[in-house]
Amino acid sequence: MKNRIVLTLILILSLILMVFLGIYGQHWVSETSTHQSKIKNSHMTPVIFVPGSEATVNRFDHLLSEINANGPTHSILKVKVNQNGELIYTGKINANDRQPFIVIGFQNNEDGYNNIKKQTQWLTSALYALQDRYHFQTFSAIGHSNGGLIWTNFLEKYFDSDDFSIPTLMTLGTPFNFSETSLQRRTEMLKDFIQENSKIPSHLTVYSIAGTEDYTDDGIVPIQSVIAGKYIYQKKVKSYTQITVTGDNAQHSNLPDNPEVMKLIQANIIAPLSRRDRH
Amino acid sequence: MLNRLINSVQNVDEALCHRSFMQAISVAMQQSVPILAIDIYCRLFFKLAISPDALLANIFYDYPIIPDSVSDQLMFIIQNLDVAVTMIFVIGLTYHYLTQKGIENTTLPIITNFIAIYMLLFAKNQSPTNTAIHYLLITLFTLLSCYTYYWYYRRLKIAVSPFSLKYLLWATTMISASLLLHVGLHLSSITTIISNLLSKNFFTTFSGLLLISILSPLLFIIGFSLPSELSSNQTSFNAMVSNLDKFLTHGLAPLPFPENLYSIYGAFTLFGGVGNTLTLNILLLFAVSKKYKRLGILSWIPSLFDNNYLLYAGLPMFLRPLMLVPMILVNITSMLISYVAIAGHIVQPAVFITPNNLPNMLLPTLASATPIRSTILAFLIFSISLLIYRPFLKRLTTEVTHEK
């Protein structure tokens, strides 16, 4: 008799547990599928910019206003990630804008490999927060200087193809081997990037833009350090293109304002995303 | 006809169980049940409350974030418990097999097999990542070691000391063999190959699903460590992902792969673990024998959360035709019923992802676009599974009914 009571109690409690889990599970499934549905059905394909060290979210202002002046207007949203992970939004995305520009900058924008690792974590949290807010899955990435290093670290450590799709990455004067002038002397960061490069998505198209004031560097970053990107991306992605920009405005800090760079962004980032969106 | 089938299976089972090696396996497995229970309950607690993708963390937004140090510590304890479970089984098997053969001093073979199995499975931190213990491999190696020791023992005619140089030479040979096997055998590669094979489109066809329905209980009962895709998680398959994409973008339009491992095998044959063993657990709760009733109560909570390894070791199920046959019958019946229901558009297949570690029993209800019909179908399959297991379990438990 006692046994039967214990068994009945076990079964009743189990049933209550299953009903309880079922209700909460149903709530989770419904929320998750609604969120996934919004992302899958979203036609928004933003271009996301990450500035280099010492630069703020205003780093690309000139470039973005030039692009907007020479073609259809894209709304601009700037997101500053504070050290405590708080996100500060400036600007807005128009409801009908399918290709907005988003700039993600960091309160702690100092140089150094350790800081790049931290900035990558902040970038990841900002991307997921933006996805929750605007429900996009596909975007193209542009990184100036250390911004390209942050994108590279993101692709190797945090990128999840279930959540995001990145058809194109463009790096502007990115020092993949920091300030080393020789490809024979690889920094710890370059070694790490090469070691982990199998995690980079294979369908990615990469453009690495280098600037040269003279035959050796852009005033700050040695050309050999930019070229070192080939050891990370070449034969690992769909295509890897190295382009060198010379002449006026080819200095490291001026690269985003260089008219050739603007044309490259329009031809290789904005136009392909627009075509993709129309399809 | 069913009676004749059960009789034949029971005869084969009895013939096998009377072999000395099977008796030793059975006793060794049952000896490992207490430590296995601690291991499984710790693992369950980890899955539900501690791990980064814990069930509670998934369903409650304000669930506290557990520090990595806590989850790492608990994972370390669980891995050591896994080792302990395996080692207690190895020690028990060696001891019982050799004492049956009349060998009194079993210290050296026990130490040898302990070291050899440890080197084979756990050296270089390559401990198994789930509770799917490689029983087949462990048993074959331990029995081979025991056979060779017994043969050697008979040749040396007892006169020699159990720790003489000649016996130490045997021990060195066995440990070296395990090291060679450790280098040559890539268990993780085997499971990866199986996982890759399972993602082929063949397993979205009737023949592919039928093959898996037969193979998974077969592999499970012979002690082969199943890949996670066959024991718990089928959400990484291309077919499942394509279905979800299509559903999210086109609503109720026809899905590319309505019948697949997630919607058929995962949703209707894994209640409580491989072969719908939750139904077997229910029958044990109402068994006449106190021994089996205790096992039923002990394994009930893990079974609800799809871990049937306590039943596996406690009954035991390992290499038992009396458990293999109903398990295959349950899987084939469940597969056929769910296949017909989905192909006949009576129910919508499971397409949604559910929270990690949620009991599989809830999958048909939560993951299908027709939850009520899917629940009725799950209930029907559950009841049929109960009916299939009942006569087989009755035969299994008859040997101890005098306990009542």
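Residues numbered from 1 in each chain as written. Chains lettered and ligands numbered in written order. Predicted model: local features only at pLDDT ≥ 70, side-chain atom pairs only at ≥ 80, totals over all residues. Heavy atoms only, no water.

A. Examining the overall build of chain B more closely. Looking only at helices and strands, chain B has 19 helices and zero strands in total. In terms of C-alpha radius of gyration, chain B reaches 23 Å, essentially the compact-globule figure of 22 Å for 404 residues. By principal-axis analysis of the C-alpha atoms, chain B measures approximately 80 × 55 × 40 Å. Counting only contacts in chain B whose residues sit at least 6 apart along the sequence, the fraction spanning at least 24 positions is 77%. Each charge class in chain B was averaged separately, 22 positive and 15 negative side chains, and the resulting centres sit 15 Å apart. (Helix = DSSP H or I, 4+ residues; strand = E, 2+ residues; numbered from the N terminus. Rg over C-alpha atoms; globule rule 2.2 N^0.38 Å. Contact = heavy atoms within 4.5 Å. Lys, Arg positive; Asp, Glu negative; His and termini not counted. Charge placed at Lys NZ, Arg CZ, Asp CG, Glu CD.)

B. Region of interest: the pairing of strand β2 (residues 76-81) of chain A. Residues and elements named next belong to chain A. As judged from the six bridges shared by β2 and strand β4 (residues 101-106), these two strands associate in the parallel manner. Residue pairing across strands places Ile-76 opposite Phe-101, the latter belonging to β4. Examined bridge by bridge, β2 and strand β3 (residues 87-91) share five bridges and lie antiparallel to one another. Looking across to β3, one finds that Val-79 is bridged to Tyr-89. Between β2 and the antiparallel strand that follows it, β3, lie five residues; Gly-85 among them carries a positive phi value of about 90°. (Pairing = 2+ DSSP bridges.)

C. Up close: the packing of aromatic side chains. Residue and element names in this part refer to chain A. Across all of its chains, the model carries 31 aromatic pairs over all chains by this definition. Taking the centre distance of 4.9 Å and the plane angle of 55° together, the rings of Phe-20 and Tyr-24 count as tilted. Of the two residues, Phe-20 and Tyr-24 both sit in helix α1 (residues 2-40), four residues apart, roughly one turn of that helix. Overall, the relative accessible area of 36% leaves Phe-20 in the partly exposed class. Summarising the aromatic geometry, the rings of Phe-106 and Trp-122 are spaced 6.3 Å apart at their centres and angled 35° between planes, so their arrangement reads as tilted. Of the two residues, Phe-106 sits in strand β4 while Trp-122 sits in helix α3 (residues 113-134), which places them 16 residues apart along the sequence. Residue Trp-122 is classed as buried on the basis of its relative accessible area, which comes to 11%. Clustering of aromatic rings is evident, with ring pairs tying together Tyr-128, Phe-136, Phe-139, Trp-151, Phe-154, Phe-159 and Phe-164. A cation over an aromatic ring shows up here: Arg-186 above the ring of Tyr-231, its NZ or CZ 4.5 Å from the ring centre. (Phe/Tyr/Trp six-rings, centres within 6.5 Å; stacked < 30°, edge-to-face > 60°. Buried < 20%, exposed > 50% of the residue type's maximum accessible area, 1.4 Å probe, protein only. Lys NZ or Arg CZ within 6 Å of the ring centre and 35° of its normal.)

D. Expanded view of the environment of Met327(B). Residues and elements named next belong to chain B. Along the chain, Met-327 turns up in helix α17 (residues 321-343). On a C-alpha basis, the gap between Met-327 and Val-160 in space is 48 Å, while along the polypeptide they are 167 residues apart. Apart from residues no more than four positions distant in its own chain, Met-327 is found in contact with Pro-217, Phe-220, Ile-221, Val-274, Gly-275, Thr-277, Met-317 and Tyr-389.

E. Local environment of the interface of chain A and chain B. Facing the 22 residues of chain A at the interface are 25 residues of chain B. Summed over both partners, the interface of chain A with chain B comes to about 2300 Å²; 76% of that surface belongs to carbon and sulfur atoms. It is Leu7(A), Met18(A) and Trp28(A) that lose the most area in chain A upon contact with chain B, and together they represent 27% of the buried surface on that side. Put simply, chain A and chain B have zero salt bridges between them. Viewed at the interface, chain B and chain A are joined by two residue pairs in polar contact (both at pLDDT 80 or more). In terms of residue class, the side of chain A that touches chain B is made up of ten nonpolar, ten polar and two charged. (Buried area = accessible area lost by both parts, 1.4 Å probe. Salt bridge = Lys/Arg side-chain N within 4 Å of Asp/Glu carboxyl O. Polar contact = N/O pair within 3.5 Å; in protein donor to acceptor, adjacent residues only side chain to side chain. Nonpolar A, V, L, I, M, F, W, Y, C, P; charged D, E, K, R; others polar.)

F. Inspection of the domain arrangement of chain B at higher detail. Residues and elements named next belong to chain B. When cut into domains, chain B gives domain 1 (20-185) and domain 2 (189-403). For domain 1 and domain 2, the distance between their C-alpha centroids amounts to 27 Å. Residue-level contacts link 27 residues of domain 1 with 26 residues of domain 2. Buried area between domain 1 and domain 2, summed over both chains or domains, comes out near 2400 Å², and the portion from carbon and sulfur atoms is 70%. Along the contact surface separating domain 1 from domain 2 lie zero salt bridges. At the boundary of domain 1 with domain 2, the tally comes to seven residue pairs in polar contact (both at pLDDT 80 or more). Elements represented by at least two residues in the side of domain 1 that touches domain 2 include exactly α2 (20-31), α3 (33-50), α4 (55-59) and α7 (135-156). Ranked by residues supplied to the side of domain 1 that touches domain 2, first place goes to α3 with eight residues. Split into classes, the residues belonging to the side of domain 1 that touches domain 2 amount to 17 nonpolar, eight polar and two charged. (Domains from an automatic or database assignment.)

G. How the structure looks around helix α2 (residues 61-69) of chain A. Taken residue by residue, α2(A) has Leu63(A), Leu64(A), Ile67(A) and Asn68(A) as its buried positions. Down the axis of α2(A), the buried side of the element spans an arc of 130°, and every buried residue falls inside it. (Arc of directions from axis to C-beta.)

H. Quick look at the packing of helix α1 (residues 2-17) of chain B against α17(B). All names here are of chain B. Where α1 meets α17, the axes come as close as 8 Å, and the angle between the chain directions of the two elements is 140°. With respect to α17, the axis of α1 lies oblique. Here α1 contributes Leu-5, Val-9, Gln-10, Val-12, Asp-13 and Leu-16 to the contact with α17, which in turn contributes Pro-321, Leu-322, Val-325 and Leu-329. Looking at side-chain class alone, the contact of α1 with α17 contains eight nonpolar, one polar and one charged residues. (Axes fitted to C-alpha atoms, helices over the stretch in contact; angles between N-to-C directions. Parallel < 35°, antiparallel > 145°, perpendicular 65-115°, else oblique.)

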